[in-house]
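Architecture and fold: a report
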Amino acid sequence: GQTNLKSPQDIQVDVVNTNFTLRWNYTGNDTNVTFSAEYRSEDHNINETEWKELSGCQNVTGMECDFSSAITEYFDTHHVRVRAERGEEVSPWSSVFEMIPYLIAQIGPPGIQLQSTNGVIKVKVSPPEANRVRKMWVADLVFKYNVVIWENSSNAELRNQSIFPTDIIDDLAPDTTYCLKVQATLPLELQEGLFSPVHCVKTTRKAVNDLFCATNVRVLALNWKFHLHWNNQYKQHVSYNVQYLIGYLKKLHDDYSVKWVNVPGCENITDTQCNFSSVITTTSGFYYLRVQAMSEYNKSCFSKEVKIDPLITNEIGPPSVKVDISDVLLHIQISPPGGPESEVMRDDYDLSYRVVYWKNSSNNEEEIKIKEIKQTISTVSDLTPSTLYCVKVQAFSEVYNKSSHFSKEECIKTPGGKILPLIILATFVTALIVVLVVATLLVFALYQAYNKIKYVFFPSCQPPLNIEGFGGQLVSHPFLSTKEEPIENCSIIETITEEVNQIELKDYKHSKQSSRDSGNYSNNDDTSGSEVSEETLGKQIV
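Residues numbered from 1 in each chain as written. Predicted model: local features only at pLDDT ≥ 70, side-chain atom pairs only at ≥ 80, totals over all residues. Heavy atoms only, no water.

An unreviewed UniProt entry lists the chain under the name INAR1 protein, with Hemiprocne comata given as the organism.

**Some remarks on the confidence of the model for the chain**
Looking at the chain, the pLDDT average stands at 82 and 80% of residues meet or exceed 70. A low-confidence stretch, residues 491-542 (pLDDT under 50), is modelled with 26 contacts involving residues beyond four sequence positions or located in other chains. (pLDDT = per-residue confidence, 0-100. Contact = heavy atoms within 4.5 Å.)

**Brief notes about unusual backbone geometry**
Despite not being glycine, Asn-59 has its phi angle at roughly 55°, a positive value. Relative to the helices and strands, Asn-59 resides in the loop between β4 (52-53) and β5 (64-66). The exposed category is assigned to Asn-59, whose relative accessible area is 53%. Even without glycine at this site, Asn-131 takes up a positive phi of about 65°. Looking at where Asn-131 falls in the secondary structure, it is placed in the loop between β11 (120-126) and β12 (144-151). Look at Asn-131 and you get exposed, because its relative accessible area is 82%. (Helix = DSSP H or I, 4+ residues; strand = E, 2+ residues; numbered from the N terminus. Buried < 20%, exposed > 50% of the residue type's maximum accessible area, 1.4 Å probe, protein only.)

**Digging into the packing of aromatic side chains**
With the rule as written, the count across this model stands at 12 aromatic pairs. Measuring from centroid to centroid gives 6.4 Å for Phe-143 and Tyr-145, while their planes differ by 35°, and the two rings are tilted. Judged by centre distance (5.2 Å) and plane angle (75°), the ring pair of Trp-224 and Phe-226 falls under edge-to-face. As far as burial versus exposure is concerned, Trp-224 and Phe-226 are alike and both buried. Here the aromatic cluster, defined as three or more aromatic residues joined through ring pairs, consists of Phe-20, Phe-67 and Tyr-74. Between the NZ or CZ atom of Arg-81 and the centre of the ring of Trp-93, over which it lies, the distance is 4.3 Å. One residue, Arg-354, lies across the ring of Phe-396, its end atom 4.2 Å from the ring centre. (Phe/Tyr/Trp six-rings, centres within 6.5 Å; stacked < 30°, edge-to-face > 60°. Lys NZ or Arg CZ within 6 Å of the ring centre and 35° of its normal.)

**Some details on the state of the cysteines**
Here the structure, examined in full by the defined rule, presents 5 disulfides. Each sulfur in the disulfide pair Cys-57 and Cys-65 lies 1.9 Å from the other. Between Cys-57 and Cys-65 the disulfide shows an S-S torsion of about 95°. By sign, it is right-handed. For the pair Cys-57 and Cys-65, a shared accessibility class is recorded, and that class is buried. (Disulfide = S-S within 2.5 Å.)

**A few points about the sheet that holds strand β14 (residues 166-169)**
The strands making up a sheet are joined through hydrogen bonds of the backbone, oriented either antiparallel or parallel. One open sheet accounts for 3 strands, arranged β10-β11-β14; its pairing is antiparallel. The open sheet is flanked by β10 (111-117) and β14, the only strands paired with a single partner. Neighbour-to-neighbour, the strand axes of this sheet turn through a mean angle of 25°, independent of strand direction. Where β10 and β11 come together, 7 bridges link them in antiparallel fashion. In the sheet register, Gln-115 faces β11, and the bridge partner there is Lys-122. (Pairing = 2+ DSSP bridges. Axes fitted to C-alpha atoms, helices over the stretch in contact; angles between N-to-C directions.)

**Looking at the pattern of salt bridges**
Taken as a whole and judged by the stated rule, the model has 12 salt bridges. For the salt bridge of Glu-89 with Arg-86, the shortest nitrogen-to-oxygen distance reads 3.2 Å. For Lys-374, the salt bridge goes to Asp-350, with nearest N and O atoms at 2.8 Å. Placement of Lys-374 in the loop between β29 (369-373) and β30 (377-380) and of Asp-350 in the loop between α3 (343-348) and β28 (352-359) is noted, with a sequence separation of 24 residues between them. Take Lys-374: its relative accessible area is 43%, and that puts it in the partly exposed class. Among the charged side chains, a salt-bridge network with shared partners connects Asp-14, Arg-23 and Glu-64. (Salt bridge = Lys/Arg side-chain N within 4 Å of Asp/Glu carboxyl O.)

**Quick notes on the pairing of β11**
Hairpin connection from β10 to β11: 2 residues lie between these consecutive antiparallel strands, with Asn-118 at a positive phi of about 50°. Sheet analysis places β11 next to β14, joined by 4 bridges and oriented antiparallel. Bridge assignment links Lys-122 to a residue of β14, and that residue is Ile-168.

**Brief notes about the side chain of Gln-191**
As for its placement among the helices and strands, Gln-191 is situated in strand β16 (residues 191-195). A polar atom in the side chain of Gln-191 sits 3.3 Å from the backbone oxygen of Ala-105. Leaving out residues up to four positions away in the same chain, Gln-191 has contacts with Ala-105, Ile-107, Trp-137, Thr-185 and Leu-186. (Polar contact = N/O pair within 3.5 Å; in protein donor to acceptor, adjacent residues only side chain to side chain.)

See the structure below:
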C-alpha cells in the first residue's frame, strides 16, 4: 500500500470559450510517470463520492490535457483531481479543484477580415464562437468590439476605438501600412476577451471625385425637431439624397450596406439642409445619417456618417410663461418646451423649472428670488402693492444634464394698497346682499306655502248653525245650499195720507225687510206667524 510517487500540485483549469485545459505541476524525479484525472459534478441525483474518469486526461505523459468534450454543463459546479501513475503504482490524489465553467471562462479572440479601399479600411469581425455547435456565450449580439490600430513603424502611436461587427476605420494616411488587433468584450459582465492575432494592411489614396461630397455634416435639434446641415464645396450643380440607418442593424453580423433608407422629403434636393424629424420614431436606440452627393456627370459620393442619440442630441428650448394677479398672489403658468403636444419633452426628460422673479424698480439692489418646481403652475405671495414684478423661467433636466435658455421676461403690476381693501369690502357687501335677498325670497315662499296648507286643512271660519244641524241634528249634506223658501209678496194700500202714518209705514217696511232676511232661515210656523202679525199691523194702520 505504500508508494514513492508524489501527488501532482498546483491544479489549474483554463477555460477559453468552451475549450477546457487542465494543468498541474509534478515535483518528483521519477521517470516513466503518467497522469490520470477524475471529475464529478454536483447533482442531487448523483452521489458526490462517485468520481468518473476525465475523458482526454488518462495516462497523459505531459503536465496538461484537454477535456473539452467531457464538460457540457457550463453553469454547474464541477470537481477535478489528478494523480501520478507508474505501472501498478499510483500516487495519492491531488487536492480537488472546484469550478463553475461560466464564471472562469475567458472570451476567445474574434475573427477578422480587412479590406483597404478609397483611403479607408473596412473591417468585418466574426464573433469568438462563430460556427461552433456548443457555445459558452449564447448571444453573439451582446458582444462589443474594441480595435487597437497603429502604423507599422517604429515609435508608432496606438489608437483605440470601438467598432461594430462591420465597420469602417477612416482618418488614415494614404499609402501607409497599418496593423490592428480586435478584442471582444461583455461590458455588462465586466469581461474582456483575448485579442485576435495582428493583421496588417496598406491604405490607398482617395478618389478624386470626392471633391463634391458633402462636408461638415452636422445635426441641429431643438424641441424634438431634427435638422441635418452640411456644406457644399463644389461650384457646379450637385443634388443630394439624405439616408438613414437604424442603429441596431450595425450590431448584426450581416452586411447592412443595403439597408440604408432615404429620408422622406430629402430626396434629390439641391438645398444643404434636411428636416428628418419624421424618421425619429423612438427615444431609445441610435440612428445614423449620411448624405449622398450626385454630380451632373452621374457620379456619386457619400459623406461621413453622423451618429444620433435622440435624447442626447436634442436640445431643450425655453418654455412659455404667462403671469396673472389675483388677490394677493402672483400666478405663473408655464407651457413646456415644444408645446403641450410634445410628450417627449415633458415625460422623457422629466423636466423641472427654475422660476426667477424680481421687483422691476429703479433700485438695482432689489433681491432676485429663485424657486425650482416640477409643476407647470406656481404662485408667489407677499407681494408689495403698486409694484411691477417680472418673471422668467428656465427648463432643465437633471437626468440628461440639459437646460434651456430663459424664457422671455413677463411683467405685471400689483394693485394699489388702498384699492385692494375696497375690492375686498365691495366683494363682501355684494355677497351679503345676495345672501339676504335669497333668504327673503325663501322665507316668503315658505310663508305662502304655510298659508295654503292652513287654508285647506285647517279653515278658520265655521258654518252657520242651521247648516251644521238644527236642534242638534246634523244635515246629511252640510256643504250643499238649501232651497230658498218662498217669500210672500205683500202690497200696502195706502188710504191714509197723514204724514205720521207714512212715517210709521216706512218703519214698518224697514222692519219687514229685516224679517224677510231672517225669514229665509225659518220654518213654516214662523212664516205663518209673520203673516198674521203683518195682517194685524195693516189693520191697525188702516
